[in-house]
Amino acid sequence: MIALILFLSLEVEQVALEAARDGWDSKVEYFLAQVGFSVGLGNVWRFPYLCHQNGGGAFILLYVLLMGLVGVPLFFLELAAGQRIRQGSIGVWRHISPKLVGIGYSSCVVCFFVALYYNVIIGWSIFYLGSSFQYPLPWENCPTEGNDTVKECAASSPTAYFWYRKALDITDSIDETGELNPIITGCLLAAWVIVCLAMYKGIKSTGKVMYFSSVFPYVVLLCFLIRGVTLDGASEGIKFMFYPRLEIWADVQVWRQAATQVFFALGLGFGSVIAYSSYNPRNNNCHRDAFTVSGVNFMTSVLATLVVFAVLGFRAKTIATECVKRSVKMICECLILKHIIMPEGQQLNIAGYNITACSLEDELKQGVEGTGLAFIAFTEAMTLFPGSPFWSALFFLMLLNLGLSTMFGTMAGILTPLTDTFKTLRNHKLLFTACSCVVGFLIGLTFTQRCGNYFVTMFDDYSATLPLIIVVIFQTISVAWVYGADRFLEDLKRMLDRPVPVVYKYLWKYVCPAAMLGLLGASLLKMILERPTYTAWNREKVKSHVLLQVNLYFKLIKPAVSFDVQISGLWFLCFFAMKSDVFL
């Protein structure tokens, strides 16, 4: 993919800015596409965890503050730029200044990195969805070998065993690559086929798919909310979640995490927001869209948090109750064995009976995120529901649609700017789409190795965050200072036929760049102070443990990765410099 971009860039042919362009069939399709892209898996398994770890209601207040001061203005900037210039990210920044075209190419490269591992997560969802049509669920009970329960499962849990051993068949570390996992490879192929079929006609086909993929997750979340609040322990989980702890506002890293979540929740820097808005008529009220989509995104995060902690509250209370029952049973056995005949004043000795403290709060404090939440904790809770296969199928179908709607936007961030820029690709759009999906699948085989989950984690942590922050910083400076905030606001006034609040001038020129530079500094500081690690599953010890990231800078990783993802940020800057004169 990268080699193709570099080769074609030698013979790039500028496409006229006012050329005939496809458009959305309706405003509803466009709105669902923007919501579908911005509302993704992070709203379900990242935002609740951050609230849990960072002060509950206090974190939500901080998130709303940063969303208003930074998120909405930057989101509006991307919407307006795409709609005003009617080009993908490459064309938009070339229009502002030919020296800034590297910003657009960089967005495409980051989208490609993200698409590689994001579709693997969709493949996992497909695997679990297919496995849900069984009763009992295959992760409900531990398997047996002869007359004995499998040791690894007995020492962990059925859901953890199914995830690590049956789904991933994971190795003990990233050094042990292992062979390809055939089932997950097949699911990855299915995921790329779905993406290709949905994208083959551009927005004409994607827009129709959005009617289901963007709406269905809300139906499922509402079903889970109604079911969740009726569960025993749901109220405890929700109270624990939203109890505000304002002291966390003094922690710089909490601000960093809140800003990063705002940043990724709205999909800033990917070029997908620009791509989708470029298909709008010029008089579309993109200012209202910025507030509407941002508001829907935030409310979805809150809704998902309510669902997650209602269900996890039920799970925690069930575990605590079972713990109490076991302890009471052990005490009774101890009393029976002692025949309750003891000298007066002598206390009962139960030291050898492994009686542990049972605490609902301790269970709730065990925060989980990402795959740990979706494929272990939440999955375990659903096994306790009556009719668990139905709820499991519903949940993983929701994850599948959340992932696909975001994946469609990510691919649009690659395909739209390149087809706008290169006439050859524009004339063979179907072939280019298919080839992009094939290349994505082949490189994605890296993540279907037995150690593939570790690569997914590392790509998620290191391949996109810093490059996207840098992209957004340059985007903001390009509009506010190179093109001129006053000039841009005047363009928007003519385009929307109404004035835009002048406050955006100061937000774009001062507040947003300062906030993004602060986020960049905090992120770099974290990387300097904390050595990169990943969490590995040890088969012998039957538990997860943290390992230092292996130095893979010059070590080939089978089958397709020849460098460690930590240097992707450095490579990104080099690529940016090659495609742009902004540093000269």
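Residues numbered from 1 in each chain as written. Predicted model: local features only at pLDDT ≥ 70, side-chain atom pairs only at ≥ 80, totals over all residues. Heavy atoms only, no water.

Asks: Help me get a handle on empty space enclosed by the protein, residues and values and all.
Replies: All chains considered together, the criterion is met by seven cavities of 30 Å³ or more. Here the second largest cavity defines a volume of roughly 80 Å³. Contributing to the lining of the second largest cavity are L66, V70, L74, A259, V262, F263, L268, A515, M516 and L519. Among the secondary structure elements, those contributing two or more residues to the lining of the second largest cavity are helix 5 (57-85), helix 14 (252-265) and helix 24 (503-529). (1 Å grid on protein atoms, 1.4 Å probe; cavity = no way out; pocket = protein on both sides within 12 Å on 5 of 7 lines; lining within 4 Å. Points joined across faces, edges and corners; volume = space filled by probe spheres on them. Helix = DSSP H or I, 4+ residues; strand = E, 2+ residues; numbered from the N terminus.)

Asks: An account of the state of the cysteines is needed here, citing residue identities and associated values.
Replies: Scanning all chains against the criterion turns up one disulfide. The disulfide bridge from C142 ends at C153, spanning 1.9 Å between sulfur atoms. Here C142 and C153 share a disulfide; its torsion about the S-S bond, -85 degrees, makes the bridge left-handed. In this pair, C142 is assigned in the loop between helix 7 (101-131) and strand 1 (144-145) and C153 in helix 8 (residues 151-154), connecting sequence segments eleven residues apart. With relative accessibility at 24%, the residue C142 sits in the partly exposed group. No disulfide involves C196; its sulfur sits 4.2 Å from that of C437, the nearest cysteine. (Disulfide = S-S within 2.5 Å. Buried < 20%, exposed > 50% of the residue type's maximum accessible area, 1.4 Å probe, protein only.)

Asks: I'd love a proper account of the pattern of salt bridges, names of residues and values included.
Replies: Under the criterion given, the structure shown has nine salt bridges. Note that D169 and R450 form a salt bridge whose closest N and O atoms lie 3.5 Å from each other. Note that D169 is positioned in the loop between helix 9 (158-167) and helix 10 (182-199) and R450 in the loop between helix 21 (429-444) and helix 22 (452-462), a separation of 281 residues in sequence. The exposure class of R450 is buried, given its relative accessible area of 19%. Across the salt bridge formed by D486 and K505, the nearest N and O atoms sit 3.3 Å from each other. Of this pair, D486 sits in helix 23 (residues 465-496) while K505 sits in helix 24, and the two are 19 residues apart along the sequence. Assessed through its relative accessible area of 46%, D486 is described here as partly exposed. Each of E152, R165, D169 and R450 takes part in salt bridges that share partners, so that together they form one network. (Salt bridge = Lys/Arg side-chain N within 4 Å of Asp/Glu carboxyl O.)

Asks: A description of helix 21 should follow, citing residues and the corresponding values.
Replies: With 16 residues, helix 21 extends 22 Å between its outermost C-alpha atoms, agreeing within 8% with the 22 Å of an ideal straight helix rising 1.5 Å per residue. Those residues of helix 21 that sit buried are F432, T433, S436, C437, G440, F441 and G444. (Expected span 1.5 Å × (residues − 1).)

Asks: Lay out the packing of aromatic side chains in plain terms, naming residues and giving numbers.
Replies: In this structure the tally under the stated criterion is 42 aromatic pairs. On the basis of an interplanar angle of 20 degrees and a centroid distance of 4.6 Å, the ring pair of F378 and F395 is categorised as stacked. Here the residue F378 occupies a position in helix 18 (residues 370-382), and F395 occupies one in helix 19 (residues 388-421), the gap between them amounting to 17 residues. Using a relative accessible area of 3% as the deciding quantity, one classes F395 as buried. Positioned above the aromatic ring of F385, the side-chain terminus of R227 is 5.4 Å from the ring centre. One Lys or Arg, K509, reaches over the ring of W481 and ends 4.3 Å from the middle of that ring. (Phe/Tyr/Trp six-rings, centres within 6.5 Å; stacked < 30°, edge-to-face > 60°. Lys NZ or Arg CZ within 6 Å of the ring centre and 35° of its normal.)

Asks: Got a sec to walk through the nonpolar core? Specific residues and values, please.
Replies: Ranked by size, the top nonpolar core spans 180 residues in total, and within it F224 and M411 carry the most contacts. Counting residues per element, this core draws most heavily on helix 7, at 22 residues. (Core = buried A, V, L, I, M, F, W, Y, C linked by side-chain atoms within 4.5 Å.)

Asks: Account for unusual backbone geometry, with residues named and values stated.
Replies: Cis rather than trans, the peptide bond between Y135 and P136 has omega equal to -5 degrees. A positive phi angle, close to 55 degrees, is found at R86, a residue other than glycine. Locating R86 in the fold gives a position in the loop between helix 5 and helix 6 (89-96). Judged by relative accessible area, R86 falls into the buried class, the value being 16%. With a phi close to 60 degrees, D497 is a non-glycine residue in the positive phi region. Assignment of secondary structure puts D497 in the loop between helix 23 and helix 24. By relative accessible area, which is 70% here, D497 ends up exposed.

Asks: Talk me through the confidence of the model for the protein; I want residue IDs and the actual numbers.
Replies: On average, residues of the protein carry a pLDDT of 81, and 83% of them reach 70 or more. Confidence over residues 550-584 falls short of pLDDT 50; this stretch has 72 contacts with residues more than four positions distant or in other chains. (pLDDT = per-residue confidence, 0-100. Contact = heavy atoms within 4.5 Å.)

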